[in-house]
Amino acid sequence: MKKRTPISIYIATTIGLTIMAFEMFAGDSGYFSSPFFWALLLIAIILLMIMNSIGDLVENESFSRLSEEEKKEYLAEKSIPYYQKLWNSAFKKQSATEEKDILIDHGFDGITELDNSLPKWWIGLFWFGCIFCVVYLTAFAFTEYAHPEAEYDKEVKTMLASIAEYEKTAPQIDLATAKYSADNIAEGQELFKTNCVTCHSDGGKGGIGPNLTDTHWINIKEKSLFKNVFWMLENGSPNNPTMRPFIKEGTITGRDAEKIAAYVYHINQETSPVTPAQGGAAPQGEEVKWENGNN
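Residues numbered from 1 in each chain as written. Predicted model: local features only at pLDDT ≥ 70, side-chain atom pairs only at ≥ 80, totals over all residues. Heavy atoms only, no water.

1. Re helix α8 (residues 185-195)
Logical step 1: Buried residues of α8: Ile185, Gly188, Leu191 and Phe192, and no others. Seen end-on, α8 carries its buried residues on one side only, within an arc spanning 115 degrees. Of the exposed residues in α8, those oriented more than 90 degrees away from the buried face are Ala186 and Thr194.
Logical step 2: Turning to α8, the residues buried within the fold contact α9 (197-200) and α12 (254-269). (Buried < 20%, exposed > 50% of the residue type's maximum accessible area, 1.4 Å probe, protein only. Helix = DSSP H or I, 4+ residues; strand = E, 2+ residues; numbered from the N terminus. Arc of directions from axis to C-beta. Contact = heavy atoms within 4.5 Å.)

2. Some details on the UniProt feature "transmembrane region" (unreviewed entry) in the chain
Logical step 1: Under the feature "transmembrane region" (unreviewed entry), the UniProt entry names residues 7-25, 37-58 and 121-142.
Logical step 2: A distance of 27 Å separates the end C-alpha atoms of residues 7-25, which is 100% helix and 0% strand.
Logical step 3: From the first C-alpha to the last, residues 121-142 spans 31 Å; its make-up is 100% helix and 0% strand. (UniProt positions renumbered as here; feature names shortened; annotations may be inferred.)

3. Points about the UniProt feature "domain: Cytochrome c" (unreviewed entry) in the chain
Logical step 1: Here the UniProt feature "domain: Cytochrome c" (unreviewed entry) sits at residues 183-268.
Logical step 2: Across residues 183-268, helical content stands at 52% and strand content at 2%; the span's end C-alpha atoms are separated by 17 Å.

4. Quick word on the domain arrangement of the chain
Logical step 1: Here the chain is partitioned into domain 1 (1-25 + 35-66) and domain 2 (182-287).
Logical step 2: For domain 1 versus domain 2, the separation of C-alpha centres amounts to 70 Å. (Domains from an automatic or database assignment.)

5. Looking at the packing of aromatic side chains
Logical step 1: In the structure shown here, the tally under the stated rule is 18 aromatic pairs.
Logical step 2: An angle of 5 degrees between the planes, with centres 5.6 Å apart, marks the rings of Trp122 and Phe126 as stacked. Of the two residues, Trp122 and Phe126 both sit in helix α6 (residues 120-142), four residues apart, roughly one turn of that helix.
Logical step 3: The partly exposed category is assigned to Trp122, whose relative accessible area is 40%.
Logical step 4: Classification of Phe126 as partly exposed rests on a relative accessible area of 39%.
Logical step 5: Judged by centre distance (5.8 Å) and plane angle (85 degrees), the ring pair of Trp217 and Trp290 falls under edge-to-face. (Phe/Tyr/Trp six-rings, centres within 6.5 Å; stacked < 30°, edge-to-face > 60°.)

6. Notes on the side chain of Ser201
Logical step 1: Checked against the element boundaries, Ser201 lands in the loop between α9 and β3 (216-217).
Logical step 2: In this structure the side chain of Ser201 is engaged in a polar contact, spanning 3.1 Å, whose partner is the backbone oxygen of Gly206.
Logical step 3: Apart from residues lying up to four places away in sequence, Ser201 is in contact with Phe192, Cys196, Gly206 and Gly207. (Polar contact = N/O pair within 3.5 Å; in protein donor to acceptor, adjacent residues only side chain to side chain.)

7. Focus: the pattern of salt bridges
Logical step 1: Evaluation of the coordinates by the stated rule reveals eight salt bridges.
Logical step 2: Beyond isolated ion pairs, a larger network of salt bridges with shared partners links Arg4, Asp56, Glu59 and Lys78. (Salt bridge = Lys/Arg side-chain N within 4 Å of Asp/Glu carboxyl O.)

8. Quick look at a nonpolar patch on the surface
Logical step 1: Together, Trp87, Phe91, Leu118, Trp121, Trp122, Ile123, Leu125, Phe126, Trp127 and Ile131 line one region of the surface with nonpolar side chains, adding up to about 1100 Å² of accessible area.
Logical step 2: Elements with a contribution of two residues or more to the nonpolar patch: α4 (82-91) and α6.
Logical step 3: Ranked by the residues each element gives to the nonpolar patch, the list is headed by α6, at seven residues.
Logical step 4: For Trp87, the location among the structural elements is in helix α4.
Logical step 5: Relative accessible area serves as the criterion here: at 53%, Trp87 is assigned to the exposed category. (Patch = residues over 30% accessible without salt bridge, like charges linked within 9 Å, V, L, I, M, F, W, Y side chains within 5 Å. Areas by Shrake-Rupley, 256 points an atom, 1.4 Å probe, with all protein chains shown as cover.)

9. So, the nonpolar core
Logical step 1: Of all hydrophobic cores here, the largest spans 31 residues; its most connected members are Trp217, Leu233 and Ile260.
Logical step 2: For this core, the secondary-structure elements that each account for two or more residues are α8, α10 (225-235), α11 (246-249) and α12.
Logical step 3: Considering every element that reaches this core, the biggest residue donor is α12, with eight residues.
Logical step 4: Aside from chain neighbours lying at most four places away, what touches Leu233 is Met243, Arg244, Pro245, Phe246, Ile247, Ile252, Ala257, Ile260 and Ala261. (Core = buried A, V, L, I, M, F, W, Y, C linked by side-chain atoms within 4.5 Å.)

10. Quick notes on the environment of Ile185
Logical step 1: Inspection of the secondary structure assignment puts Ile185 in helix α8.
Logical step 2: For the pair formed by Ile185 and Ile43, sequence separation is 142 residues and the distance between their alpha carbons is 58 Å.
Logical step 3: When near neighbours in sequence (up to four residues on either side) are disregarded, Ile185 contacts Tyr180, Ala262, Tyr263, His266 and Glu270.

Shown next as structure tokens:
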């Protein structure tokens with residue numbers, strides 16, 4: 001009569017497989033706080049305990065049908081702890097007498113071969129690896145588990161959501177509160193490419209719209225260049241409807257305009273202008289000497 005595996009092994013295995021399944025197939029990692037997860041585990045453990053109780057009944061019935069000698073042998077084997085048996089089956093060496101029983105009837109130069117079975121721990125790891133590979137490949141093929149692109153998209157969405165939440169409570173940026181910061185130049189450049197490059201070309205050298213790198217300006221509404229650019233983004237050009245009031249239309253926020261203005265200030269005041277000889281548009285408007293400072 002074969003000795004049964006303890007219920008604790010089944011419970012531990014079930015918990016491990018359940019966590020692995022949720023980790024691979026669940027939409028997010030918050031399943032530990034989900035009532036469904038804990039209810040599923042509880043039901044699985046209850047079913048395992050029922051199965052174990054049925055196994056006890058079957059074992060008692062089978063034990064009663066054994067002979068006295070078989071009963072003694074079974075009880076002696078059962079007295080050995082389960083984990084001790086696992087250890088022995090994995091690492092215990094056979095005796096010289098046992099070796100004779102598994103000795104293969106051939107040899108060469110004094111070398112003999114034993115017909116040993118593979119260690120149970122090795123077999124267990126082998127089948128666990130096979131099952132894990134099947135589950136992993138299934139999850140990878142039919143879900144978003146372990147996909148770098150999906151993980152990246154998820155992190156981007158989380159970041160954008162946090163930015164949007166911050167924007168709700170952050171103080172609004174307007175003409176009076178806008179301030180230049182060199183830290184905004186890189187983001188301002190990306191916003192410029194999205195909203196302004198169609199008319200002002202790459203780098204602000206001008207095209208349909210005027211050259212933003214030279215000293216000539218058509219619309220002069222503020223004393224500082226930074227504030228003037230912000231004013232234009234907020235109100236648009238009174239001389240050309242193509243230059244729309246981006247902020248008032250809701251195309252960009254005041255915070256975005258602050259970054260674009262920082263970039264335009266940078267290409268106009270901190271870098272060399274793009275001349276017509278270098279591909280820049282010819283000067284338009286009148287020459288301006290902006291007040292010192294960028295606020």
